[in-house]
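Residue-level structure breakdown
Chain by chain, the residues run as shown.
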Amino acid sequence: GVSRQHLFTVRDAQIMMTPIDGGTPEPIAPLPPAASVASFDALDGDTLTVSTRSPDAILTIDIRKRTVAVREGRRVSRAPNNDHAVLWQRTPAEVWAEIGDPPRDRLLTRRADSIVQAIWHPNGHYVIVATARDVVAIELDERNGWSTTTLAAFDVIRDLVTTDDGSAILIAGRRGTADG
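Residues numbered from 1 in each chain as written. Predicted model: local features only at pLDDT ≥ 70, side-chain atom pairs only at ≥ 80, totals over all residues. Heavy atoms only, no water.

So, on to the confidence of the model for the protein. When the pLDDT values of the protein are averaged, the result is 87; 93% of them are 70 or greater. Confidence, read as mean pLDDT per element, is least for strand 9 (residues 82-89) in the protein (71) and greatest for strand 14 (residues 134-139) (94). (pLDDT = per-residue confidence, 0-100. Helix = DSSP H or I, 4+ residues; strand = E, 2+ residues; numbered from the N terminus.)

Okay, the environment of Pro19 next. Residue position: Pro19 is located in strand 2 (residues 14-19). Residues Pro19 and Val76 lie 57 residues apart in sequence; the distance between their C-alpha atoms is 30 Å. In contact with Pro19, other than residues within four places in its own chain, are Gln5, His6 and Thr24. (Contact = heavy atoms within 4.5 Å.)

Position of Thr162 among the secondary structure elements: in strand 16 (residues 156-162). In contact with Thr162, other than residues within four places in its own chain, are Ile119, Pro122, Ile128, Ala168 and Ile169.

Here we take up the pattern of salt bridges. Per the stated rule, a full pass over the model turns up eight salt bridges. Notably, a salt bridge pairs Glu98 with Arg71, separated by 2.6 Å at the nearest N-O pair. Of this pair, Glu98 sits in strand 10 (residues 94-99) while Arg71 sits in strand 7 (residues 67-72), and the two are 27 residues apart along the sequence. Measuring nitrogen to oxygen at the nearest pair gives 3.0 Å for the salt bridge that ties Arg111 to Asp134. Here Arg111, found in the loop between strand 11 (104-110) and strand 12 (115-120), pairs with Asp134, found in strand 14; they are 23 residues apart in sequence, far enough to count as distant. Given a relative accessible area of 22%, Arg111 falls into the partly exposed group. For Asp134, a relative accessible area of 19% translates into the label buried. Residues participating in the shared-partner salt-bridge network are Arg71, Glu98 and Asp105. (Salt bridge = Lys/Arg side-chain N within 4 Å of Asp/Glu carboxyl O. Buried < 20%, exposed > 50% of the residue type's maximum accessible area, 1.4 Å probe, protein only.)

Turning our attention to the packing of aromatic side chains. Enumeration over the complete set of coordinates arrives at one aromatic pair. With centroids separated by 6.4 Å and ring planes inclined at 20°, the aromatic side chains of Trp88 and Trp96 adopt a geometry described as stacked. The same class applies to Trp88 as to Trp96, namely buried. The positively charged end of Arg90 is found above the aromatic ring belonging to Trp96, 3.8 Å away from the centroid. (Phe/Tyr/Trp six-rings, centres within 6.5 Å; stacked < 30°, edge-to-face > 60°. Lys NZ or Arg CZ within 6 Å of the ring centre and 35° of its normal.)

What follows covers the environment of Gly23. Assignment of secondary structure puts Gly23 in the loop between strand 2 and strand 3 (26-30). Residues Gly23 and Val129, spaced 106 residues apart in sequence, show a C-alpha to C-alpha distance of 45 Å.

What follows is the structure, encoded as structure tokens:
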């Protein structure tokens, strides 16, 4: 990963930060045992977010303090206008989110079937979740509890996305003889 001032790399199971102007590389965080970096996801001020695999984890690193918070699971989506508010899967059938004030990790849904995709709606107030057979929207308004609405049912769902403005959800799947 690269910022305007630093290059982020991995060496000897450590995430390293090297000044672009040619300074000395510094270790800023260890990787979990046997993990490898899947992606450098976001850099916001002094906070770097990194996804790992084997095991799947999300590392939130305070570069200045050299502290690391580890979440088990696979990162699946970032909240609109907030690179560090994320959705992730701890198991194939669960979606978790960092939400609330103050932000904390919350289980959004546990489905009977494996989850194919989970994404934030562009307005940031909903999470859309697809299993192999259905699509639901979870409204993240905690005043009266979360509301879950089934949006569609298919024979097979392969993927989904929203348009940038959130006016449409595009679903790749099959229903009856219609495939697309």
